[in-house]
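Report on the structure
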Amino acid sequence: MNVDIRISDLMIHFYTKEGMVRAVDGVDLVFNNGKITGIVGETGSGKSVLGLSILNLLASNAKKSGSIFYKDEELLSMDEERIQNIRGKEISIIPQNPSTAFNPILKIGEHINELFYYHEKVKKKSCKEKTLDVLRKFSFLSPGRIYNSYSFQLSGGMSQRALTAMGMALNPKWIIADEPTKGLDAIIRNQVYKVFKGLKEDKGVSIILITHDLMLARKLCDEIVVMYGGKVLEQGDKEEIFSSPKHPYTRGLIDAQPNRKLIAIEGMAPNLTNLPNGCRFHTRCKYVKEICRVSEPDMYSSEGSKVRCFLYDKSRGFEEGI
Ligand code: SF4
């Protein structure tokens, strides 16, 4: 059975007072089983909404179309009862912020107990042993203390580890991790890196890593997807993307890193209620051509990557690349 996650022509728009927010706007992707795929891009690029859409965790004002297939079942239109059985057991999401993901009036242990109680119908008194076991596996030296702690009593790194333990409690095949290193210092970021590396290498978990942290993506991921204005602008093998970025936006993101030139991309990310015509990046692109202002580029193949930029459309006769 195919256990990749396959997304076709996905559109997720939100009705708001300011207008229609086109958060995800025609995305085709395959997340390959057994790999860690990083989704990178600035705030507002649509990457978190894309992650949430896989488990149908979208706000009620979302208008959705397209399809997301997993094990030959379509997730986007699946009824709530069925998708409840997939959430946590088959595909688990580790949300962005531990301080809001945990209920402050429940202990860490109680959060994990509920998963066993709800999904595995484990008797309440047996849940605690299973939960302690999960905490032990995530290298908490005092699992009993963590079990009885509230999230606000833990450090940022410990909260993140507890959240990851909760996401892994039911041994899912897939993890969607949204900004797991956000706000953490370098030492804790390294711990998070080791946890995710172990999940893939020791437990065979497939991971979708949504992140601003390009250094983490470079260390951890096998494949990279670059999003901007609700679209995928580039995707490919990690080595190819980082050693030879094709899209001007990908190049800009990499050059803005502290370990590179630290040159920020000029201009602002587009307003998702009022996207520019043509190429969504044209207002910030130093390679812009006339065609870019009026037509939207397709995805073109170049050296193993796919890139949404007219410079790679061989039929136009531009000098290829940047
Ligand atoms: Fe720049 Fe044009 Fe390529 Fe868009 S299509 S990234 S504007 S060169």
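Residues numbered from 1 in each chain as written. Predicted model: local features only at pLDDT ≥ 70, side-chain atom pairs only at ≥ 80, totals over all residues. Heavy atoms only, no water.

Assigned secondary structure in the protein chain consists of 12 helices and 12 strands. Computed over C-alpha atoms, the radius of gyration of the protein chain comes to 21 Å, within 12% of the 20 Å expected from 2.2 N^0.38 for 322 residues, which places it in the range of a compact globule. On the principal axes, the C-alpha backbone points of the protein chain span a range of 70 × 45 × 40 Å. Split into buried and exposed, the 322 residues of the protein chain put 52% on the buried side. Taking contacts inside the protein chain between residues at least 6 apart in sequence as the whole, the part at least 24 apart equals 61%. As displayed, the protein chain has an accessible area near 15400 Å², and 49% of this comes from carbon and sulfur atoms. (Helix = DSSP H or I, 4+ residues; strand = E, 2+ residues; numbered from the N terminus. Rg over C-alpha atoms; globule rule 2.2 N^0.38 Å. Buried < 20%, exposed > 50% of the residue type's maximum accessible area, 1.4 Å probe, protein only. Contact = heavy atoms within 4.5 Å. Areas by Shrake-Rupley, 256 points an atom, 1.4 Å probe, with all protein chains shown as cover.)

Turning to the site of the ligand, a few remarks are in order. Every residue near the ligand is listed here: His247, Pro248, Cys279, His282, Cys285, Tyr287, Cys292, Pro297, Cys309, Phe310 and Leu311. The cavity where the ligand resides is the largest cavity. A class-by-class count of the residues in the shell around the ligand yields nine nonpolar, two polar and no charged. (Near = heavy atom within 4 Å. 1 Å grid on protein atoms, 1.4 Å probe; cavity = no way out; pocket = protein on both sides within 12 Å on 5 of 7 lines; lining within 4 Å. Sits in = over half its atoms within 2 Å of the grid points. Nonpolar A, V, L, I, M, F, W, Y, C, P; charged D, E, K, R; others polar.)

On to the sheet that holds strand S4 (residues 62–70), then. Judged by pairing direction, the sheet is antiparallel, and its four strands sit side by side in the order S2-S1-S4-S5 without closing on themselves. What marks the edges here is a single partner per strand, and that holds for strand S2 (19–31) and strand S5 (73–74). Direction of pairing for S4 relative to S5: antiparallel, over a ladder of two bridges. Within the sheet, the bridge partner assigned to Tyr70 lies in S5 and is Glu73. Running over the sheet, helix H1 (residues 47–54) touches strand S1 (5–16), S2 and S4 and is turned about 115 degrees from S1. (Pairing = 2+ DSSP bridges. Axes fitted to C-alpha atoms, helices over the stretch in contact; angles between N-to-C directions.)

Below, the discussion takes up helix H4 (residues 108–119). An ideal rise of 1.5 Å per residue puts 16 Å on 12 residues; H4 measures up with 17 Å between its terminal C-alpha atoms. What H4 keeps buried is the set Ile108, Gly109, His111, Ile112, Asn113, Leu115, Phe116 and His119. Each element contacted by the buried residues of H4 is listed here: helix H2 (80–86), helix H5 (124–137), helix H6 (143–147) and helix H7 (156–168). (Expected span 1.5 Å × (residues − 1).)

What follows covers the layout of surface pockets. By volume, the largest pocket is sized at about 540 Å³. Looking at the largest pocket, it is lined by 20 residues, and the ones nearest its centre are Gly88, Ile93, Leu115, His119 and Met166. Put simply, the parts of the chain that give the lining of the largest pocket at least two residues each are strand S6 (91–94), H4 and H7. Ranked by residue count, the leading element in the lining of the largest pocket is H4, at five residues. Its residues assigned to classes, the lining of the largest pocket comprises 11 nonpolar, seven polar and two charged. Shared between two domains, the lining of the largest pocket takes at least three residues from each, and those domains are domain 1 (5–90 + 172–263) and domain 2 (98–171). If you add up the space inside the second largest pocket, you get close to 330 Å³. (Points joined across faces, edges and corners; volume = space filled by probe spheres on them. Domains from an automatic or database assignment.)

Mapped onto the fold, Lys219 is located in helix H9 (residues 214–220). Looking at Lys219, the relative accessible area reads 47%, which means it is partly exposed. Sequence separation between Lys219 and Gly317 is 98 residues, and the spatial gap between their C-alpha atoms is 36 Å. Setting aside residues up to four positions removed in sequence, Lys219 forms contacts with Asn190, Tyr193 and Lys238.

For the rest of this paragraph, the subject is the domain arrangement of the protein chain. Note: interface size is frequently given as the accessible area lost on complex formation between the parts. When the domains of the protein chain are assigned, the result is domain 1 (5–90 + 172–263) and domain 2 (98–171). The gap between the C-alpha centroids of domain 1 and domain 2 is 25 Å. With 17 residues of domain 1 in contact, the opposing surface of domain 2 contributes 13 residues. When domain 1 packs against domain 2, the two sides together hide about 1200 Å² of surface, and 67% of this comes from carbon and sulfur. (Buried area = accessible area lost by both parts, 1.4 Å probe.)

Under the definition given, this model contains three cavities of 30 Å³ or more. Space inside the largest cavity adds up to approximately 110 Å³. Estimated volume of the second largest cavity: approximately 50 Å³. Every residue lining the second largest cavity is listed: Gly157, Gln160, Arg161, Thr164, Ile188, Gln191, Val192, Val195 and Phe196. Those elements giving two or more residues to the lining of the second largest cavity turn out to be H7 and helix H8 (186–203). A per-element tally of the lining of the second largest cavity places H8 first, with five residues. Looking at the lining of the second largest cavity residue by residue, the classes come out as four nonpolar, four polar and one charged. If you count residues domain by domain, the lining of the second largest cavity takes at least three from each of domain 1 (5–90 + 172–263) and domain 2 (98–171).

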